[in-house]
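# Geometric and topological summary
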Amino acid sequence: MPKAILYDSTLCIGCKACEGACAERWGLPYSDKVAAEEKISAHKLTAIETHGDKFSRRLCMNCLQPACASVCPVGALQKTELGPVTYEASRCMGCRYCMQACPFQVPSYEWDQRLPRMRKCDMCFERQSHGKLTACAEACPVGATKNGDRDALIAEANQRLAEKPDQYYQKIYGLKEVGGTSVLYLSAVPFEQIGLRTNVPAEPLPETTWRVLELLPDVVSTGSVLLGGIWWITNRREEVACKEGRRQ
Amino acid sequence: MKSILKQLTVWRVILLAILLSGAYATYLRIFYGLGGSTNLSDKFPWGLWIGFDVMCGVALAAGGFTLVAIVHIFNIETYKPVLRPAILTAFLGYILVVVGLLYDLGRPDRLWHPLIMWNPHSVMFEVAWCVTLYSTVLGLEFLPVVLEKFGLHKPLAWIHRISVPLMILGVLLSTLHQSSLGTLFLIVPEKEYPLWYTPILPLLFYISAIAAGLAMTIFESWHSSRAFGRALELPLLMSIGRVLAVVMSVYLWIRVLDLAHRHVFGLLTRNRPETWLFLLEAALMIVPTAMLFHASVRARPGALYACAVMVVLSMVTNRLNVGISGIEAGSGTHYIPKWSELAITLSIVGAGFAIFRVAGHYLPIFEEPTHEYGLAEVEETEEDPIAVG
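Below: a short report on this structure.

Cut-offs used in this document
Residues numbered from 1 in each chain as written. Chains lettered and ligands numbered in written order. Predicted model: local features only at pLDDT ≥ 70, side-chain atom pairs only at ≥ 80, totals over all residues. Helix = DSSP H or I, 4+ residues; strand = E, 2+ residues; numbered from the N terminus. Rg over C-alpha atoms; globule rule 2.2 N^0.38 Å. Buried ≥ 20, exposed ≤ 12 C-beta atoms within 10 Å, placed from the backbone. Contact = placed C-beta atoms within 7 Å. Pairing = 2+ DSSP bridges. Axes fitted to C-alpha atoms, helices over the stretch in contact; angles between N-to-C directions. Expected span 1.5 Å × (residues − 1).

This brings us to the overall build of chain B. Each helix and strand in chain B was counted, giving 16 helices and zero strands. Here chain B has a C-alpha radius of gyration of 21 Å; the compact-globule value for 389 residues is 21 Å, and the two agree. Based on the C-alpha atoms only, the size of chain B along its principal axes is roughly 60 × 50 × 45 Å. A burial count over chain B gives 46% of its 389 residues as buried.

In terms of regular secondary structure, chain A is built from nine helices and nine strands. By the compact-globule yardstick of 18 Å for 248 residues, chain A is too spread out, its C-alpha radius of gyration being 25 Å. Projected onto its principal axes, the C-alpha coordinates of chain A cover approximately 95 × 45 × 35 Å. In chain A, the share of contacts with a sequence separation of at least 24, taken over all contacts with a separation of at least 6, comes to 61%.

The next subject is the sheet that holds strand β1 (residues 3-8) of chain A. The strands that make up a sheet pair up through hydrogen bonds in the backbone, lying either parallel or antiparallel. Residue and element names in this part refer to chain A. On the basis of which strands lie adjacent, the open sheet formed by three strands has the order β8-β1-β9 and mixed pairing. Each end of this open sheet is capped by a strand with a single partner; those strands are β8 (145-149) and β9 (183-186). Within this sheet the neighbouring strands show an average axis-to-axis angle of 25°, counted without direction. The sheet contact formed by β1 and β8 spans five bridges and is antiparallel.

In this section: helix α9 (residues 201-227) of chain B. All names here are of chain B. For α9, spanning 27 residues, the distance from its first C-alpha to its last is 37 Å, which sits close to the expected 39 Å at 1.5 Å a residue. Of all 27 residues in α9, 20 are buried; the element is thus mostly enclosed. Taken from the residues just after α9, Gly229 is the one with a positive phi, measuring 60°.

With 21 residues, helix α8 (residues 163-183) of chain B extends 30 Å from end C-alpha to end C-alpha; this agrees with the ideal 30 Å at 1.5 Å per step. Most of α8 of chain B sits out of view: 17 of its 21 residues are buried.

On to the pairing of β9 of chain A, then. All names here are of chain A. Burial along β9 is two-sided: Val183 and Tyr185 and Leu184 and Leu186, pointing in opposite directions, are all buried. Relative to β9, β1 runs parallel, the two being bridged by four bridges. When the sheet's bridge partners are listed, Leu6 is paired in β9 with Leu184.

Structure follows, in structure tokens:
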């Protein structure tokens, strides 16, 4: 039973308690100045955004089939069974393909460090594997961010949509996007109006490269036979020419 | 003579200035990180060092495997005089790509990590292995030149014994590597502009690399004939020009079909930077291809050289479009390289030219042309060796 986070934009009051709890959990400095930054970065792994009178929250979507984990050449990023996508900094060589590949532009880099790391939310893998809630969900005073089993949260989201049809845009963001994400959104308005990317494909992104990568054994085996065969024929032709005295 | 000397000095001064700025940029890169030396950001994590140093570097090194395949696997001996310069270019190219990577990687000290930490689902993992293995193969393919120079016959014989499997391995690795640089961008369908995003990017990268490699062969033959005062192997270059025209035609045909099938020609009516960059790329591809089909163009060294330069530039434009310009809008940001990014890129290119020159001077790279070709003879030898072979 994979875990997930349900963020309900209609309940969020923009108090940024989640930001503070997140900073504390990562040991990152949190001040009024940091609180005013409305974007995620290497020193701020979740951010509350203001869109008119609506709020939205940015954090790693911890996709069900994450592009970042599939593209990482050294397996520093892993999708855990529990749900979170974790990062092992000691493996990372800093190619930043995860950042390029992420459809939500979540991974951030420590650009000013001499020995930089990638930084992103890992849905509190440590806490969740010990049965605790994510720091953000625990801190949220109004229940706008809820943490629990993904199936249960989807059921709850559907219930909210059904109970108050006029308060909600009748969709759950994260259900189908890039094959589904661990972070689910509810909103009063269409999702692009609260800054979410709605042009992401429904297909899981790792498929796009795997379709080509899985041909690799075919290319290698066919290629070896073809090249070896051509060499054998041309070489043989040369040998025959020499034997028959047409060439020395 | 005097004017040549003067020209050389000017080039050396320029090279020195570039290398000095590159050295300062290197200092910035090491002590102030990627933030202090590049204009990269969280929204735009790959810039000039990937788009040019790596993607163009690898494409322009494709002459190595193309000519190895032509000469040793298809056994078309006529092309032999340009084989060694092509292998040298490829070997140098790959070394410089690795140098570029050392600048670009956040943790260059962990360059070796993919060799022991595997993720076969990652294109970058495939790229890492291809770079490592093919650089080694190129080293071994180039080694005989050095061994000959110093008269070491025993290791020479040993390398000769493994040369056929080695060359087949080299062609296979190149095939995988060239195409995988296109595969890298398949994961960003929502970022890459539709004029460039296509599921057949790997195929397009592969074919265009062959064209880039052939064009580079003409390019470097022309330059080395001037630099080393050798006669130009004109009939041979003309024949390469003809093969280049065919490869470019195949490439352009597939490209047009792909654009048509994805119904994206309509995008060309929009007045956007992508449209103009696409048209620039297309013009740089179509013009030389059309020109190269005329025997009279191929027979004129200047025109042949101009065509080769256009093809090279078209491939550089293409790689920069796919790797940089095409994903700017989709990433919601603009990227213009910092001066230090340019300084390092130019230093790497400059070092490449300089090392090629030194190697060409001291090592047996160039065969003495059998004799000077007159234009009259050129017309007789127009017969295409590919067709005969």
